[in-house]
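The lines below spell out each chain.
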There are 2 protein chains.
Amino acid sequence: MIETLPSWCDAWVKNAIAEFVARVSREDSPEFVPPAERVAVFDNDGTLWSEQPFYFQGLFVFERVRALAEKHPEWKNTQPFQATLERDWNALAGFGEKGLLELVMATHAGMTASEFVSLVKDWLASARHPQLDRQYTELVYQPMLELLEYLRVNGFKTFIISGGGIEFIRTFSERVYGIPPEQVVGSSIVTKFEMREGKPVLVRQAQLNFLDDREGKPVAINQHIGRRPIAAFGNSDGDIPMLQWTLAGDGPRFGMLLHHDDAEREFAYDRHSASGRLDRGLQEAESGGWTVASMKHDWQRVFGFE
Amino acid sequence: MIETLPSWCDAWVKNAIAEFVARVSREDSPEFVPPAERVAVFDNDGTLWSEQPFYFQGLFVFERVRALAEKHPEWKNTQPFQATLERDWNALAGFGEKGLLELVMATHAGMTASEFVSLVKDWLASARHPQLDRQYTELVYQPMLELLEYLRVNGFKTFIISGGGIEFIRTFSERVYGIPPEQVVGSSIVTKFEMREGKPVLVRQAQLNFLDDREGKPVAINQHIGRRPIAAFGNSDGDIPMLQWTLAGDGPRFGMLLHHDDAEREFAYDRHSASGRLDRGLQEAESGGWTVASMKHDWQRVFGFE
């Protein structure tokens, strides 16, 4: 017999997951859920892969700013471009989400959808994490890969619901997570259909279409899935509405927050993090009946290469 | 052996479909397409079910206007409400898409997503088609149901890409078409996440989120599926960009327009229709290598109850 979730410690959280899956998938269970309704949703940054020192897509954005700087001499003294070029992370953090979105618009638009995909794929194939010296797609959590597969083997459909860019994540989600593009939901910019020399193209516009974070996550779930999930997995305060929405349905439900408390094997952060802040979530978890998984105590290993 | 597509006449179109499916799904075919990439997209109104005398969702909208009229005495002399209440279809047609959207905003918003679903379900369970005296969900095309199933048996994933409302279609798509909600894409209004008495709800706003018609269809395909379909089925000029987008990919492709030319068994219309106008599409079909299916000559029967 194949061991279930081998990278998880044989402790309370692993048992809670296995018990929930049995409750909804065993045909003789009084709480049996038909396979079509076994929808599980996962945040991406900090839940399926690392997000330190910053969201990986953010690092891609910074790299694009540097690559395009020659064509934009004005960026040298225009914020938030200047801070990005000078690697002044404190100043950049000060510009917050609005600043990051401005950088996204300047670097992710003005090209076709397929040109963008090529840029992301090239970057993912060559870029390396500054501290861990690994490709970013190696920095996915082995226990979560096992969890995705375990759920699918038990008839679940697994979806990503991420604040990150939908087209960015889709470039690797099938290969790395086994999640096909139609099950990836994320933030997006407006795209426009055009005929160019008799060929149809989708052109990315410098305009936000949807921000799939916080209160946006249940909205995106409803828009893309059209069915309330029965299980949700996140790691930050931005995932609270997604967990509330999931847990508010009838019948058995499972909600989990991943707590980054392992400075040795990964990173330890929660309340004081620029990305992936987890503060209110830890309180809500108690009252809401959500499970908190500790990377330090619940995971035998973090990455597949260990 | 089960007969393939029994409601289709044994003629050129049926053979073209079967040949295409064999080309992409037989493992020994030089043009084999992996199952994950076998995506087929279908328009809904006029392609999977009838759309005369008007889009069925439009008929639902008109019924909602009448139901809400008591609370809105001003509608008696405000257009396009007045025309709707007076059943002045010519005047109403004059207000075009803009008028219809106004009626949608006034009748489909200001309630939660689940309240809206209940309204639609109740209407579909009781309303009957004015000429054919059938429930609307009986007015689905038997040959298209067989085509959906035939494609799925051959490893395809089937999606709806409709100008109609995404939440409207999802109320019956799984039961009637075998298409789960996450594979239904349509037009939508903005929804907002709110906590009401400690319970999370999604509230429908009187604001258009996305119009999934014409140039919007390839955009929606990219947003929801993230992969270019290899087969597309439509029936009106609003489906042209979807067919162009599908056919422009590499490898084997199939595009079909359904021609409503059967006044005896259904309705005959194309160039001069308020809904489902097909004019440029018939020209494009010739130059673009799209297949035109005639309801009169290619279908042995139209509805399942015949």
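Look up a bit, the structure's there.
Residues numbered from 1 in each chain as written. Chains lettered and ligands numbered in written order. Predicted model: local features only at pLDDT ≥ 70, side-chain atom pairs only at ≥ 80, totals over all residues. Heavy atoms only, no water.

Caption draft 1: Representation of the overall build of chain A. Scanning chain A from terminus to terminus reveals 13 helices and seven strands. Relative to the 2.2 N^0.38 estimate, which gives 19 Å for 306 residues, the radius of gyration of chain A is 20 Å and therefore close to what a compact globule would have. The principal-axis extents of the C-alpha atoms in chain A amount to approximately 65 × 50 × 35 Å. Out of the 306 residues in chain A, the part that is buried amounts to 57%. Expressed as a percentage of contacts within chain A between residues at least 6 apart in sequence, the contacts between residues at least 24 apart total 65%. A total of about 13,100 Å² of accessible surface is found on chain A, and carbon and sulfur atoms cover 49% of it. Positive and negative side-chain charges in chain A, numbering 32 and 44 respectively, have mean positions lying 4 Å apart. (Helix = DSSP H or I, 4+ residues; strand = E, 2+ residues; numbered from the N terminus. Rg over C-alpha atoms; globule rule 2.2 N^0.38 Å. Buried < 20%, exposed > 50% of the residue type's maximum accessible area, 1.4 Å probe, protein only. Contact = heavy atoms within 4.5 Å. Areas by Shrake-Rupley, 256 points an atom, 1.4 Å probe, with all protein chains shown as cover. Lys, Arg positive; Asp, Glu negative; His and termini not counted. Charge placed at Lys NZ, Arg CZ, Asp CG, Glu CD.)

Caption draft 2: Expanded view of the pattern of salt bridges. Here the structure, examined in full by the defined rule, presents 37 salt bridges over all chains. For Arg227(B), the salt bridge goes to Glu174(A), with nearest N and O atoms at 3.0 Å. Of the two residues, Arg227(B) is situated in the loop between helix H9 (216-224) and strand E5 (231-234) and Glu174(A) in helix H9 (residues 173-177); the pairing between them involves two chains. With a relative accessible area of 15%, Arg227(B) lands in the buried category. Residue classification places Glu174(A) among the partly exposed residues on the basis of a relative accessible area of 33%. Between Lys157(B) and Glu182(A) there is a salt bridge, with the nearest N and O atoms lying 2.7 Å from each other. With Lys157(B) in strand E2 (residues 157-165) and Glu182(A) in the loop between H9 and strand E3 (184-196), the pair connects residues from two separate chains. In the salt-bridge network here, residues are joined through shared partners; they are Lys157(A), Arg227(A), Glu174(B) and Glu182(B). (Salt bridge = Lys/Arg side-chain N within 4 Å of Asp/Glu carboxyl O.)

Caption draft 3: Representation of the relation of the copies chain A and chain B. Placing chain A over chain B gives an RMSD of 0.0 Å and needs a rotation angle of 180°, together with 0.0 Å of translation along the axis. The symmetry that links the two subunits is that of a two-fold axis. Using C-alpha coordinates, one finds that chain A approaches the rotation axis most closely at His224(A), a distance of 3.3 Å. When the interface residues of chain A are mapped onto chain B, 100% of them again lie at the interface, so the same face is used by both copies. (Least-squares fit on C-alpha atoms with pLDDT ≥ 70 in both.)

Caption draft 4: Just the interface of chain A and chain B, in detail. At the interface, 35 residues of chain A touch 35 residues of chain B. Of the roughly 3,000 Å² buried where chain A meets chain B, counting both sides, 50% is carbon and sulfur surface. Together, Glu182(A), Phe193(A) and Gln223(A) form the three largest contributors to the area buried by chain A at its contact with chain B, with a combined 22%. Across the chain A-chain B interface, the total number found is six salt bridges. In this structure, the connection of chain A to chain B is made through 16 residue pairs in polar contact (both at pLDDT 80 or more). Elements with a minimum of two residues in the side of chain A that touches chain B: strand E2 (157-165), helix H8 (166-170), E3, strand E4 (199-210), helix H10 (216-224) and helix H11 (240-247) of chain A. (Buried area = accessible area lost by both parts, 1.4 Å probe. Polar contact = N/O pair within 3.5 Å; in protein donor to acceptor, adjacent residues only side chain to side chain.)

Caption draft 5: Molecular detail of the environment of Trp89(A). Residues and elements named next belong to chain A. Relative to the helices and strands, Trp 89 resides in helix H4 (residues 89-94). Residues Trp 89 and Phe 54, 35 residues apart in the sequence, show an inter-C-alpha distance of 10.0 Å. Once you skip the residues sitting within four places of it in the chain, Trp 89 turns out to touch Phe 62 and Arg 66.

Caption draft 6: Focus on the sheet that holds strand E4 (residues 199-210) of chain B. Residues and elements named next belong to chain B. Reading across from one edge, E4-E3-E2-E1-E5-E6-E7 is the order of the seven strands in this open sheet, with mixed pairing throughout. Here the strands that pair on one side only, and so sit at the sheet edges, are E4 and strand E7 (291-294). Each strand axis lies, on average, 35° off the axis of its neighbour in the sheet, ignoring direction. Summarising the sheet, E5 and strand E6 (residues 254-259) pair through four bridges and their orientation is parallel. Among the inter-strand pairings, Phe 233 is bridged to a residue of E6, identified as Met 256. (Pairing = 2+ DSSP bridges. Axes fitted to C-alpha atoms, helices over the stretch in contact; angles between N-to-C directions.)

Caption draft 7: Layout of the pairing of E6(B). Residue and element names in this part refer to chain B. The element E6 is extensively covered by neighbouring structure, given that six of its six residues are classed as buried. Taking every second residue as pointing to the same face, both faces of E6 are buried, with Phe 254, Met 256 and Leu 258 on one and Gly 255, Leu 257 and His 259 on the other. In this view, the connection linking E5 to its parallel neighbour E6 by way of helix H10 (residues 240-247) has right-handed handedness. Sheet analysis places E6 next to E7, joined by four bridges and oriented parallel. Paired with Leu 257 across the two strands is Val 292, which belongs to E7. For the segment spanning E6, helix H11 (residues 280-288) and E7, crossover handedness is right-handed. (Right-handed = clockwise from strand over helix to strand, strands pointing away.)

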